[in-house]
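The primary structure of each chain is shown beneath.
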2 protein chains.
Amino acid sequence: MQAKQCFVELRCKECGRAYPKEAIHVCELDFGPLEAVYDYQAIRSCLSRRSLAARPPSMWKYREFLPLEGDPVVGLHVGFTPLVRARRLGEALGIRELYIKNDTVNHPTLSFKDRVVAVALSRAKELGLSTVACASTGNLANSLAANAASAGFQSYVLIPADLERSKVMSSLIYGARVIGIRGPYDQVNRLCSEIAGKYSWGFVNINLRPYYAEGSKTMGFEIVEQLGWSLPTHTVIPMASGSLLTKIAKAYRELVQTGLVEEKRFAVHGAQAAGCSPITEAFRRGSDLIRPVPQPSTIAKSLAIGSPADGYYAVRTIRETGGAAEAASDEEILHGIELLAETEGIFAETAGGVTVACAQKLAKAGRLSGPGPVVLCITAHGLKTPDALEPRLPEPPVIAPSLREFDALVAVDGEALWT
Amino acid sequence: MQAKQCFVELRCKECGRAYPKEAIHVCELDFGPLEAVYDYQAIRSCLSRRSLAARPPSMWKYREFLPLEGDPVVGLHVGFTPLVRARRLGEALGIRELYIKNDTVNHPTLSFKDRVVAVALSRAKELGLSTVACASTGNLANSLAANAASAGFQSYVLIPADLERSKVMSSLIYGARVIGIRGPYDQVNRLCSEIAGKYSWGFVNINLRPYYAEGSKTMGFEIVEQLGWSLPTHTVIPMASGSLLTKIAKAYRELVQTGLVEEKRFAVHGAQAAGCSPITEAFRRGSDLIRPVPQPSTIAKSLAIGSPADGYYAVRTIRETGGAAEAASDEEILHGIELLAETEGIFAETAGGVTVACAQKLAKAGRLSGPGPVVLCITAHGLKTPDALEPRLPEPPVIAPSLREFDALVAVDGEALWT
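Residues numbered from 1 in each chain as written. Chains lettered and ligands numbered in written order. Predicted model: local features only at pLDDT ≥ 70, side-chain atom pairs only at ≥ 80, totals over all residues. Heavy atoms only, no water.

- Chain A is annotated in an unreviewed UniProt entry as Threonine synthase of Candidatus Methylacidithermus pantelleriae.
- The Cofactor (unreviewed entry) comment attached to chain A in UniProt states, word for word, "pyridoxal 5'-phosphate".
- Under the UniProt heading Sequence similarities (unreviewed entry), the entry covering chain A gives this text: "Belongs to the threonine synthase family." (UniProt positions renumbered as here; feature names shortened; annotations may be inferred.)

## Concerning the overall build of chain A
And step 1. Helices and strands together make up the secondary structure of chain A, namely 17 helices and 14 strands.
And step 2. Compactness check: chain A gives a C-alpha radius of gyration of 21 Å against a globular reference of 22 Å for 419 residues, within 12% of the reference.
And step 3. For chain A, the spread of C-alpha atoms along the principal axes amounts to about 75 × 50 × 45 Å.
And step 4. The contacts in chain A between residues at least 6 apart in sequence include a share of 70% that link residues at least 24 apart.
And step 5. In the structure as shown, chain A presents an accessible area of about 14,200 Å², 49% of it carried by carbon and sulfur atoms.
And step 6. For chain A, the distance from the average position of its 45 positive side-chain charges to the average position of its 44 negative side-chain charges is 5 Å. (Helix = DSSP H or I, 4+ residues; strand = E, 2+ residues; numbered from the N terminus. Rg over C-alpha atoms; globule rule 2.2 N^0.38 Å. Contact = heavy atoms within 4.5 Å. Areas by Shrake-Rupley, 256 points an atom, 1.4 Å probe, with all protein chains shown as cover. Lys, Arg positive; Asp, Glu negative; His and termini not counted. Charge placed at Lys NZ, Arg CZ, Asp CG, Glu CD.)

## Concerning the sheet that holds strand β12 (residues 325-328) of chain A
All names here are of chain A.
And step 1. One open sheet accounts for six strands, arranged β4-β5-β13-β10-β11-β12; its pairing is mixed. Of all strands in the sheet, those with a lone pairing partner are β4 (83-85) and β12, marking the two edges. Going across the sheet, the axis of each strand differs from the next one's by a mean of 25 degrees, ignoring polarity.
And step 2. Most of the contacts of helix α14 (residues 350-364) go to β12, to which it runs at about 120 degrees, and overall it touches β10 (234-238), β11 (267-273), β12 and β13 (374-378). (Pairing = 2+ DSSP bridges. Axes fitted to C-alpha atoms, helices over the stretch in contact; angles between N-to-C directions.)

## Details of the interface of chain A and chain B
And step 1. Counting residues at the interface gives 78 residues for chain A, matched by 78 residues for chain B.
And step 2. Of all residues in chain A, M169, I173 and L383 of chain A bury the most surface against chain B, accounting for 10% of the area lost on that side.
And step 3. Between K198 of chain A and D407 of chain B there is a salt bridge; the shortest N-O distance is 2.6 Å.
And step 4. At the boundary of chain A and chain B, one finds 20 residue pairs in polar contact (both at pLDDT 80 or more).
And step 5. Residue composition of the side of chain A that touches chain B, grouped by class: 46 nonpolar, 17 polar and 15 charged.
And step 6. By the bridge criterion, two bridges tie strand β14 (residues 398-399) of chain A to strand β8 (residues 177-181) of chain B in an arrangement that is parallel. Within β8 of chain B, the residue paired with V398 of chain A across the bridge is G180 of chain B. (Buried area = accessible area lost by both parts, 1.4 Å probe. Salt bridge = Lys/Arg side-chain N within 4 Å of Asp/Glu carboxyl O. Polar contact = N/O pair within 3.5 Å; in protein donor to acceptor, adjacent residues only side chain to side chain. Nonpolar A, V, L, I, M, F, W, Y, C, P; charged D, E, K, R; others polar.)

## Considerations on the relation of the copies chain A and chain B
And step 1. Between the two copies, chain A and chain B, the superposition gives an RMSD of 0.0 Å; the rotation angle is 180 degrees and the shift along the axis is 0.0 Å. The two molecules are tied by a two-fold rotation axis, judged by turn and shift. The rotation axis passes nearest to the C-alpha of V105 of chain A in chain A, at a distance of 2.5 Å.
And step 2. Same-surface contact between copies: 100% of interface residues of chain A are shared with the interface of chain B. (Least-squares fit on C-alpha atoms with pLDDT ≥ 70 in both.)

## Considerations on the pairing of strand β13 (residues 374-378) of chain B
All names here are of chain B.
And step 1. Along β13, five of the five residues are buried, which leaves the element largely enclosed by surrounding structure.
And step 2. Here β13 shows two buried faces, one formed by V374, L376 and I378 and the other by V375 and C377.
And step 3. In this sheet, β13 lies alongside strand β5 (residues 98-102) in parallel orientation, the contact comprising five bridges. In the strand pairing of β13, Y99 is matched with V375.
And step 4. Relative to β13, strand β10 (residues 234-238) is paired through three bridges, and the arrangement is parallel. Looking at β13, one finds that T235 is bridged to V375. (Buried < 20%, exposed > 50% of the residue type's maximum accessible area, 1.4 Å probe, protein only.)

## Examining the pattern of salt bridges
And step 1. Applying the stated criterion across every chain yields a total of 58 salt bridges over all chains.
And step 2. With a shortest N-O distance of 2.6 Å, K217 of chain A and E214 of chain A are connected by a salt bridge.
And step 3. E214 of chain A gets classed as buried once you look at its relative accessible area, which sits at 0%.
And step 4. A salt bridge links R123 of chain B to E126 of chain B; the nearest nitrogen and oxygen atoms lie 2.6 Å apart. With a gap of three residues between them, R123 of chain B and E126 of chain B both fall in helix α4 (residues 113-126), about one helical turn apart.
And step 5. Classification of R123 of chain B by relative accessible area gives buried; the value is 1%.
And step 6. Residues participating in the shared-partner salt-bridge network are K13, E35, E214, K217, K247, K250 and E254 of chain A.

## A look at the packing of helix α13 (residues 330-344) of chain B against helix α14 (residues 350-364) of chain B
All names here are of chain B.
And step 1. Axis separation between α13 and α14 bottoms out at 7 Å; the angle between their running directions is 95 degrees. Here α13 lies roughly perpendicular to α14, going by the angle between them. Each of E332, I333, H335, G336, I337, L339 and L340 in α13 lies in contact with α14, whose residues at this interface are T350, G353, V354, V356, A357, Q360 and K361.
And step 2. A per-class count over the contact of α13 with α14 returns seven nonpolar, five polar and two charged. (Parallel < 35°, antiparallel > 145°, perpendicular 65-115°, else oblique.)

## Some points on the sheet that holds strand β9 (residues 202-203) of chain A
And step 1. Here we have five strands laid out as an open sheet, ordered β9(A)-β6(A)-β7(A)-β8(A)-β14(B), and parallel in their pairing. The sheet is open, and its two edges are formed by β9 of chain A together with β14 (398-399) of chain B, each paired on a single side.
And step 2. Pairing analysis gives five bridges linking strand β7 (residues 154-160) of chain A to strand β8 (residues 177-181) of chain A, with the strands arranged parallel. Considered in β8 of chain A, the bridge of P160 of chain A is made with I181 of chain A.

## A look at the side chain of T81 of chain B
Residues and elements named next belong to chain B.
And step 1. Looking at the secondary structure, you find T81 in the loop between α2 (49-53) and β4 (83-85).
And step 2. Classification of T81 as buried rests on a relative accessible area of 3%.
And step 3. At 2.6 Å, the side chain of T81 and the side chain of D103 are in polar contact.

## Some words on the UniProt feature "domain: Tryptophan synthase beta chain-like PALP" (unreviewed entry) in chain A
And step 1. As recorded in UniProt, the sites labelled "domain: Tryptophan synthase beta chain-like PALP" (unreviewed entry) are residues 76-379 of chain A.
And step 2. Between the end C-alpha atoms of residues 76-379 of chain A there is a gap of 19 Å, over a span that is 44% helix and 16% strand.

## What about the UniProt feature "modified residue: N6-(pyridoxal phosphate)lysine" (unreviewed entry) in chain A?
All names here are of chain A.
And step 1. The UniProt entry lists K113 under the feature "modified residue: N6-(pyridoxal phosphate)lysine" (unreviewed entry), expressed in the numbering used here.
And step 2. The exposure class of K113 is buried, given its relative accessible area of 19%.
And step 3. Contact partners of K113, with chain neighbours within four places excluded, come to N139, L140, S143 and Y212.

## A look at the environment of P397 of chain A
And step 1. Looking at the element boundaries, P397 of chain A is found in the loop between α15 (386-389) and β14.
And step 2. Judged by relative accessible area, P397 of chain A falls into the buried class, the value being 17%.

## Some details on the confidence of the model for chain A
And step 1. Looking at chain A, the pLDDT average stands at 95 and 97% of residues meet or exceed 70.
And step 2. Interface confidence for the predicted complex, given as ipTM, is 0.96, next to a pTM of 0.96. (pLDDT = per-residue confidence, 0-100.)

## Things to note about α4 of chain B
Residues and elements named next belong to chain B.
And step 1. Between its first and last C-alpha, α4 extends 20 Å over 14 residues, near the 20 Å set by a 1.5 Å rise per residue.
And step 2. Burial within α4 is extensive, with twelve of its 14 residues counted as buried.
And step 3. Considered for burial, the residues of α4 that qualify are K113, D114, R115, V116, V117, A118, V119, A120, L121, S122, R123 and A124.
And step 4. The secondary structure elements touched by the buried residues of α4 are β5, β6 (131-135), α5 (139-151), α8 (209-212) and α9 (217-226).
And step 5. Backbone geometry just after α4 places G128 at a positive phi near 80 degrees. (Expected span 1.5 Å × (residues − 1).)

## A short note on the packing of α5 of chain B against helix α6 (residues 165-172) of chain B
All names here are of chain B.
And step 1. Following both chains from N to C, one finds α5 and α6 inclined at 15 degrees, their axes separated by 8 Å at the closest point. Accordingly, the angle class assigned to the pair α5 and α6 is roughly parallel. Of the two elements, α5 crosses α6, and the hand of that crossing is left-handed. In this structure, α5 contributes N139, A141, N142 and A145 to the contact, and α6 contributes K167, S170 and S171.
And step 2. Classifying every residue of the contact of α5 with α6 gives two nonpolar, four polar and one charged. (Left-handed = near helix turned anticlockwise from the far one by under 90°.)

Put into structure tokens, the structure is as follows:
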């Protein structure tokens, strides 16, 4: 892929001060987050719908919108996951034109985190780093471990010590050095900031964050291309740090700005677990001040960030676009997972249950109305959180390999047996 | 997709007798398997590399080579999984140009079975069936349950009662009626044949088998397109029934026959678990007579078919193409899974470990030599068989959220700590 160089510099999101393209993430003056800046005129002149359609199906189609200096070298097959027309779920939720953006089948680790890690590690190679690391609630750990392995990085993964065993295993298998930290995610994250200051490692969601975060935009680019170059009217997005939501909105705006899609009203809506919903609470209070949740308590551990780094920007983006924010209880989350599986054959982890449950509430409240498509972002696979569902699923009946026993089994009321 | 109708009829693979396109699978005269027959002249006249490149990335690109009468209606997003250039694994195995065909991220259920189920259920709709079913070692169960749910079929899934709980759960979640059968897979399969004869259900791998099995060809078509329209020199393929191997070879031949790729020698190699290797044993004996394994004993349960339906054809295909067959012990399988994860960041289920371990043996024996690409078919994700790996993975160290504790941890010999 011979891509034109369109990434200009980093810039403070608050004061606009420019910074060089290094492993830094906050403004020295006001501690505002640094963000990648592009030459949109250059992008406009070198990209068209036709040229994009001809590129291989991965997130790197949109390479000019990503903060690299050369060609990507890590995660070349990440992204371009299916956008599934969800008629049966749409009927259940009362939404006419519903789609699922299905990152449960993202290569290689079955979550949208492969997108952000692919950018961060490609940039880490450009910056000459050899050890990469992260603080994670699980999905990022898996993705960092896998992508680091494929690219020959040494990797360290710091996680809350009480994380689901399946997510721990899915980092260990790739040879990552996994360390459990006693305490919630926010304390893991604080420790990682200290480590990043002392060791010259690339922490993908700390000192590489300006590069890392931009990877989330590709979910938005793909949705628009897969809708036939049209902005969705509503997009429902799970929120942990809040970054995914702000970046999908940024992607939509960038496509308008570069003339790839027609301008149109779009609303982005945020979904959180009731046991850790600082962003949704701020939205409900009509404030953009995030009150941290000191002890998150939810089965949706991948969303359990009590002090969301991008919460402020998320709540502002929701309001600016005319969206809303919701929260779902553990029971509603489990029901959401089951509903998605039974109607669309897609098995999501707890964060997916949050998104479906919140979409149901938003639809009921009339927040997803109007013409045009509604997209739910389903961010990771259900086999990552099997423990959450396990107790709800029945033991299947067991019979001998005999037609007579089978006949007897199906002759009794099937509904009673299997539900 | 306006595809030309190129599917002609079913035909006995042994005597060549023609049959109508119904829910039937064996010849009345000699009990030979029925196979789909196409008008290759018609395919040649309507398909080109260019027209294929322009189609959306799914298995349905190759729709003209599949046994449907109309457009597909189930599993529209299945397939076109990544073909990954595996440099690090290649180094470890001593293979110069190695690729992984990565069906661990197949939509929706993370295995190649989504390919066969998508064809079988699309055909089931055409035949007016409303209940679908299968005998399964796990992956097929998951795929049938999910795809049936998305298409509104009632589904029954019959599995050996001792199957991995994670695979059982992954069928229950979609609302399938799961029945455990006391006995090995072959007894489950025999019971299903009896049920299929009595109930008018579509058993995807019994009375719908001629349609179902053709879906496996798409893995072969995609490999060739992703190699830039070139046949791989060697393809290593896991064998359960043996069907996948025969169908990938069929796909390669069909592409030659329709002029889409240049003729070239290609070898297909079969991989089995040592605890259930009836096809490999026949190959080693120089026979094409399959001696059934009455009590399979291997951690690779998805390959544990003691009486492989297509074993005879698989061993013949291996010989005709100049390939070989290998078998891997449980210990080698686990090592294969770890090697793939640590070098390429791809986490495969036990069958993937079988493929990697057998490829290692084949390479060592000089069976994968010569110029040109070597492709390993990795057929399902590791989160489907977490129990196999669990005991081998260490408990990660746990520390307080303190920089001092972290410093102390990484100061000691990291290798000793994490391996």
